[in-house]
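Working through the structure, step by step
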Amino acid sequence: MSGTVAALLVVVVVGLLSGHLVLSLLVGLFAYIGWHLRSMVRLLRWLADGMHAEPPVLHGVWDDLLGYLIALRVRARKRKRKMSRFLRRFQEAAAALPDAALILGRFGEIEWCNPAARHLLGLGAGRVAGHYFTHLVRHPALTQYLEAGDYSQPIEIPAPVDESRLLSCQINPIGKKHQRLLIARDVTRSHLLDSVRRDFVANVSHELRTPITVLRGFLETMGDDAALDCPDWSRSIELMSQQASRMERIVNDLLMLSRLELEVPGDPGPGLEPVPVPEMLVGIIQDARMLSGEGGHVFTLEVNPELWLRGSAEELRSAFSNLIFNAVQHTPAGSRVSVVWRFVGDESSGQVVENGAVLTVADDGEGIPDRHLPRLTERFYRVDKARSRARGGTGLGLSIVKRIITRHRAELEVYSELGRGSRFTCRFPAAIVYRRARYHAEEPGQAEGSGAGAAGLSS
Ligand code: ADP
């Protein structure tokens, strides 16, 4: 700045001394503009050269500007070095991953993949970026999974390179450009272990069933005789008989669970037979009343008599009775048990409502503490082990319910408030729900003798 002022003074003095002030000022102005242009051109040349050459020697504001640019360049280089270090580390980590990882673009084109993806999915060693994933990995279920857009659950497929291996594939949406991260894991070993465990439990349960049945039969006979001949023995035999019955129930529940686990998840099981849920619930409530006995539970049943399901009648009966019997067994005498079976949403149109159907089993018992709720459907999980055993529980009921409900593509919700009671809700999708009236019209022969169901029954 001081240089500019000094030059201006010189121009003015020269102008005054020579008597040509205007001319002197004009010459000075041209010289000033020329100096700026020269500095600018030198700076531009250095920039155009990629800032690799020695920086030009500049003065005044141009020197300041050059200083800023050099500082920026130093910062950018540092950031670049950091980024490449990070990228190298990411690539090393991705290469060390035993799972296949791929980033797919909006249209399913591969943007990036790690070495395990090439090996597990058989992508080969060539260039894969830009190729459509489904063109390189041809598997109908995987293609359908990619296109369906519901990635909440993984799917399992045989490995494209080796059919004997099983891959679990899961997609996670990433970024803002509809990209997806596909992770494929080799789950052959855990599947094998799982099936060994399942077979073991199924075999042991099967082997135990006959001896337990025989034992229970003899104990019952002995109990009758002992009651007459030797009253001292009668109590012991009664206890033995009770425990044998409990063992029988555990074995039966374990066998049921093993059978349910053999099925492919998502498959509603053995067929899609029409299931008269209203009649089924009436029958279960009658059994529940007998189970309650002198407990004097008060039952309310509210069902839509037209509302049937398609699924496995045996499984649904088991799930519904588990829920209703639990409401009797885990609540004090005199508690209220209410069962509601209804369409979801508005029924006024007379159409099958798209949202499906809901079964609610509620009681006003003691309720379940919050911390137990997430674990209730685990095998053998009981809030109060001793009490459950004393009431003849196996701890397997809710895990059976969960399995059956999931197999029918339904959801199980548990809500409970300590001191106020519990509510178990099963939400069935519209796909397996239909009105009985419509079923009669379509398949008149099969609905014979189904009865009218029970709407608003209570006792
Ligand atoms: P169990 O054979 O013991 O009934 P379940 O798997 O059916 O086994 O249930 C697991 C546990 O959940 C039970 O032991 C009980 O503590 C609790 N539970 C289930 N239903 C109810 C209910 N309606 N009210 C209170 N507790 C319940």
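Residues numbered from 1 in each chain as written. Predicted model: local features only at pLDDT ≥ 70, side-chain atom pairs only at ≥ 80, totals over all residues. Heavy atoms only, no water.

**Details of the overall build of the protein chain**
A count of helices and strands for the protein chain gives 13 helices and 14 strands. Within the protein chain, buried positions represent 37% of all 459 residues. The contacts in the protein chain between residues at least 6 apart in sequence include a share of 60% that link residues at least 24 apart. About 27400 Å² of surface is accessible on the protein chain, with carbon and sulfur atoms providing 58% of the total. (Helix = DSSP H or I, 4+ residues; strand = E, 2+ residues; numbered from the N terminus. Buried < 20%, exposed > 50% of the residue type's maximum accessible area, 1.4 Å probe, protein only. Contact = heavy atoms within 4.5 Å. Areas by Shrake-Rupley, 256 points an atom, 1.4 Å probe, with all protein chains shown as cover.)

**So, the confidence of the model for the protein chain**
For the protein chain, per-residue confidence averages 86 on the pLDDT scale, and 90% of positions sit at 70 or higher. Segment residues 438-459 is flagged for pLDDT under 50; beyond a separation of four residues in sequence, or across chains, it makes 40 contacts in the model. (pLDDT = per-residue confidence, 0-100.)

**A few points about the packing of aromatic side chains**
Evaluated as defined, the whole model comprises seven aromatic pairs. Measuring from ring centre to ring centre gives 5.6 Å for Phe 90 and Trp 112, while their planes differ by 40°; the resulting arrangement is tilted. Of the two residues, Phe 90 sits in helix 3 (residues 60-96) while Trp 112 sits in strand 2 (residues 110-113), which places them 22 residues apart along the sequence. Classification of Trp 112 by relative accessible area gives partly exposed; the value is 25%. Sitting above the plane of the Tyr 434 ring, Arg 310 keeps its charged end 4.8 Å from the centroid. (Phe/Tyr/Trp six-rings, centres within 6.5 Å; stacked < 30°, edge-to-face > 60°. Lys NZ or Arg CZ within 6 Å of the ring centre and 35° of its normal.)

**A short note on the side chain of Asp 99**
On the secondary structure map, Asp 99 appears in the loop between helix 3 and strand 1 (100-104). Within the buried set, Asp 99 has no salt-bridge partner at all; the shortest N-O distance to an opposite charge, 4.4 Å, is to Arg 185. Among residues more than four places away in sequence, those in contact with Asp 99 are Asn 114, Ala 116, Leu 120, Ile 183, Ala 184 and Arg 185. (Lys, Arg positive; Asp, Glu negative; His and termini not counted. Salt bridge = Lys/Arg side-chain N within 4 Å of Asp/Glu carboxyl O.)

**A few points about the side chain of Asp 363**
Counting through the fold element by element, Asp 363 comes out in strand 10 (residues 357-363). Asp 363 sits in the buried class, given a relative accessible area of 13%. At 2.9 Å, the side chain of Asp 363 forms a polar contact with the backbone nitrogen of Gly 365. Beyond its immediate sequence surroundings of up to four residues, Asp 363 is in contact with Ala 327, Thr 331, Arg 336, Val 337, Arg 420, Gly 421 and Ser 422. (Polar contact = N/O pair within 3.5 Å; in protein donor to acceptor, adjacent residues only side chain to side chain.)

**Concerning the environment of Ser 168**
Relative to the assigned elements, Ser 168 resides in strand 4 (residues 166-174). Linking Ser 168 and Gln 153, residues 15 residues apart in sequence, is a C-alpha distance of 9.9 Å. The residues contacting Ser 168, other than those within four sequence positions of it, are Pro 154, Ile 155, Glu 156, Ile 183, Ala 184, Arg 185 and Val 187.

**Here we look at the nonpolar core**
In this structure, Leu 281, Phe 320, Trp 341, Leu 359 and Phe 428 are the most contacted members of the largest nonpolar core, which totals 50 residues. Looking at which element gives the most residues to this core, the answer is helix 10 (residues 313-329), with eight residues. Looking at which domains feed residues into this core, each of domain 3 (192-262) and domain 4 (269-458) gives three or more. Leave out the neighbours within four places in its chain, and Phe 428 touches Leu 309, Leu 316, Phe 320, Trp 341, Asn 355, Gly 356, Ala 357, Ile 405, His 408, Ala 410 and Val 433. Counting residues in hydrophobic clusters, the runner-up holds 24 residues, among them Ala 100, Ile 110, Leu 120 and Val 137. (Core = buried A, V, L, I, M, F, W, Y, C linked by side-chain atoms within 4.5 Å. Domains from an automatic or database assignment.)

**Side note on the site of the ligand**
For the ligand, the set of nearby residues contains 18 residues, the closest of which are His 330, Ser 388, Thr 394, Gly 395 and Leu 398. Between the ligand and Gly 395 there is a distance of 2.8 Å, counted from an oxygen atom to a backbone nitrogen or oxygen. Considered on its own, the ligand offers 530 Å² of accessible surface; in the complex 95% of this is hidden by protein. Elements represented by at least two residues in the shell around the ligand include exactly helix 10, helix 12 (397-407) and strand 12 (421-428). For the shell around the ligand, the class distribution of residues is eight nonpolar, eight polar and two charged. (Near = heavy atom within 4 Å. Nonpolar A, V, L, I, M, F, W, Y, C, P; charged D, E, K, R; others polar.)

**Remarks on the packing of helix 2 (residues 21-48) against helix 3**
Two elements in contact, helix 2 and helix 3, have axes separated by 10 Å at closest approach and are oriented at 15°. With respect to each other, helix 2 and helix 3 are oriented roughly parallel. Crossing of helix 2 against helix 3: the hand is right-handed. In this structure, helix 2 uses Trp 35, His 36, Ser 39, Met 40, Leu 43, Trp 46 and Leu 47 to contact helix 3, whose residues at the interface are Val 61, Trp 62, Leu 65, Leu 66, Leu 69, Ile 70 and Arg 73. Split by residue class, the contact of helix 2 with helix 3 holds 11 nonpolar, two polar and one charged. (Axes fitted to C-alpha atoms, helices over the stretch in contact; angles between N-to-C directions. Parallel < 35°, antiparallel > 145°, perpendicular 65-115°, else oblique. Left-handed = near helix turned anticlockwise from the far one by under 90°.)

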